[in-house]
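# Descriptive structure summary
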Amino acid sequence: MKSAVETLNPTRVRLSIEVPFEELKDSLDAAYKKINQQVTVKGFRKGKIPNRVIDQRFGRGAVLEEAVNDALPKFYTEAVNEGELNVLGQPEVDITELKDGELLAFTAEVDVRPAIEIPDYSGIEVTVDALEVSDEDVEKAVEQLRGRFASTNPVERAAADGDVVTIDLQAKVDGEVLEDGVAEGVSYTIGSGELLDGIDAAVTGLEAGGEATFTSELKGGSAEGKEAEVTVKVTAVAARELPELDDEFAQMASEFDTLEELTADSRKRLENTKQYDQATQAQERVLDELLKLAEVPIPEKLLADEVQTRKHNLEHHQLGQMGLTLEKYLEIQGKTLEEFEAETSEQAIKGIKTQFILDELVNKEKLNVNQEELTEHLMRRAASSGMSPDQFAQAVVEGGQVPMLVGEVARGKALAVVVEAAKVVDTNGELVELEDDEEEAIETVETAEGHTEAAAEEKTEA
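Just so we're clear, the structure is a prediction, and the values are computed from it rather than from any experiment. What you see as residue numbers is a count from 1 along each chain, following the sequence as written. This being a predicted model, a pLDDT of at least 70 is required before a residue's local features are given, and a value of 80 or more before pairs of side-chain atoms are given or counted; all residues contribute to the totals for chains, interfaces and linings. Only hydrogens and water are set aside; all other atoms, that is, all heavy atoms of the structure, feed into the side-chain values.

### Examining the overall build of the protein
Strands are runs of DSSP state E lasting at least two residues, helices are runs of H or I lasting at least four, and both sets are numbered from the N terminus onward. Along its length, the protein carries 15 helices and 11 strands. For the radius of gyration, the atom set is restricted to C-alpha positions; the globular benchmark scales as 2.2 Å times the number of residues to the power 0.38. Here the protein has a C-alpha radius of gyration of 32 Å; the compact-globule value for 462 residues is 23 Å, and the former is much larger. Dimensions along the principal axes, computed over C-alpha positions, put the protein at roughly 100 × 65 × 40 Å. Counting every position in the protein, which comprises 462 residues, the buried fraction comes to 37%. When contacts within the protein are restricted to residue pairs at least 6 apart in sequence, long-range pairs at least 24 apart make up 69% of them. Computed with the Shrake-Rupley method and a 1.4 Å probe, the accessible areas treat only the protein chains shown as cover for residues. Split by element, the accessible area of the protein, about 26,300 Å² in all, is 46% carbon and sulfur. Counting 46 positive and 101 negative side-chain charges, the protein places the centres of these two groups 11 Å from one another. Three exposure classes are used, based on accessible area relative to the maximum for each residue type with a 1.4 Å probe and protein chains only: buried under 20%, partly exposed in between, and exposed over 50%. We call two residues in contact whenever any of their non-hydrogen atoms come within 4.5 Å of each other. When charges are counted, neither His nor the chain ends are considered; positive counts come from Lys and Arg and negative counts from Asp and Glu. Lysine's charge is taken at NZ, arginine's at CZ, aspartate's at CG and glutamate's at CD.

Right, dumping it as structure tokens:
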């Protein structure tokens, strides 16, 4: 076999391959054997028909077609390996010459990973939010905890903001009561924003037995998105009573003995959360700066496939779980389909660039993934998918997705290398020392590449 590689552009090549006929012997034998098992010729046992009879009865062309179809993948793979090509997707194959007994010649056009020059990233500098937790932040956190331990007591007065009301609802569209537009005994906290727009104003000031009518756009159900005339009747009013902020509350709501200890723990938790957010912000901004430094040609077909995959995952997973169509989602977002597709294309380009650059960095820095790192990553992915580690691992293995997970971990390690070399300062001008957390870096890479959990689950189910 002889092969030559012609570079069509930085992301696509054409392979020209010539195969002497004697190298097709195995595929020809396999073709005769396959046809032998499929046809019947009077006077011969099944599977024992001579080759010359098959040629006479069914045509040499049918045998050659079967043999070529069997041989093409093997010789294409040999040519790819010989040319040391990193191919993407399936090739477009064209048989240019087939001379029986002499020669098979064909071309294969295929996308390839572009050659990327890793830029000097040692000069990257980014600014992140300062790590500040105010007294107001702590007070708000404690108040939220306090609210979870609130009690309710029935009152005989008009409902006010913060009260819990029990209500009956009836929704009409075009004067007709909807089949799924009636609900009774619904508990609602005024001001929570958990039900329909306009309901807070409607129930505020009503006593038990009072009712009001208002107009609101339905958020779900058979008439989702339509304007409805909603009648609400208050059947009971209860006041929320918050527990006193004292040591007794601390003992009831936490493992601490004093309110002082509970407050200190709340501050620490907020600091940890802000520290995590700060690290994530640093990784995202360092990655953005790295992408700006490198020239990365994007294969057109790969980009088109990635855009289609992202659109499919949004429509059939994320929006499907919320009961929304793409049209309704765009209406809520205030975007046109053209704007959505442009944004999706931009996100896909970022994802492809991220993968290409970090993969190249993995090779350059000779970064490896050990079993412990892979297991830790698998455990996190399993937890976020709602599957047990064993179930997720089985799905990954059966779906042939182990290399995908290894790649995610390796790219996370590559980003961690870049972040470590970068200068990170906060908005106060203070130098930020980030902890070496490769798992956070992996999450940042996944976000950039668009690896949503829904997409990951779809891959493991494939």
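On we go.
### Comments concerning the sheet that holds strand E3 (residues 87–99)
If you trace the 4 strands from one edge of the open sheet to the other, you get E1-E2-E4-E3, paired in antiparallel fashion. Each edge of the sheet is formed by a strand with only one pairing partner; in this case those strands are strand E1 (2–9) and E3. This sheet shows a mean twist of 20 degrees between the axes of neighbouring strands, independent of strand direction. Paired strands, as defined in this entry, are two strands with at least two bridges between them according to DSSP. The pairing of E3 with strand E4 (residues 103–112) spans 9 bridges and is classified as antiparallel. Of the residues in E4, the one forming a bridge with Leu88 is Asp111. Note on definitions: angles span 0 to 180 degrees between N-to-C directions of axes, and those axes are lines fitted to C-alpha atoms, for helices only across the stretch in contact.

### Thoughts on the packing of aromatic side chains
Here is the rule: rings of Phe, Tyr and Trp (six-membered ring for Trp) pair when centre to centre is within 6.5 Å. Planes less than 30 degrees apart are stacked, more than 60 are edge-to-face, and the remainder are tilted. Tallied over the full model, the rule gives 1 aromatic pair. With a centroid separation of 6.2 Å and an interplanar angle of 85 degrees, the aromatic rings of Phe149 and Phe249 are classed as edge-to-face. A residue pair is termed long-range when its members are at least 10 positions apart, and Phe149 in the loop between helix H4 (135–148) and strand E6 (151–154) and Phe249 in helix H6 (residues 247–253) qualify at 100 residues. Overall, the relative accessible area of 32% leaves Phe149 in the partly exposed class.

### Describing helix H12 (residues 389–398)
Considered for burial, the residues of H12 that qualify are Phe392, Ala395 and Val396. When H12 is viewed along its axis, its buried side chains cluster within an angular range of 100 degrees and face the same direction. Of the exposed residues in H12, those oriented more than 90 degrees away from the buried face are Asp390, Val397 and Glu398. Looking at the residues trailing H12, positive phi occurs at Gly400, about 65 degrees. Here the arc refers to the set of directions running from the helix axis out to each C-beta atom.

### Brief notes about the UniProt feature "domain: PPIase FKBP-type" (unreviewed entry) in the protein
Mapped onto the present numbering, the UniProt feature "domain: PPIase FKBP-type" (unreviewed entry) falls on residues 162–215. Segment residues 162–215 splits into 9% helix and 54% strand. End C-alpha atoms: 22 Å apart. UniProt positions are given in the numbering used here, feature names are shortened, and annotations may be inferred rather than shown by experiment.

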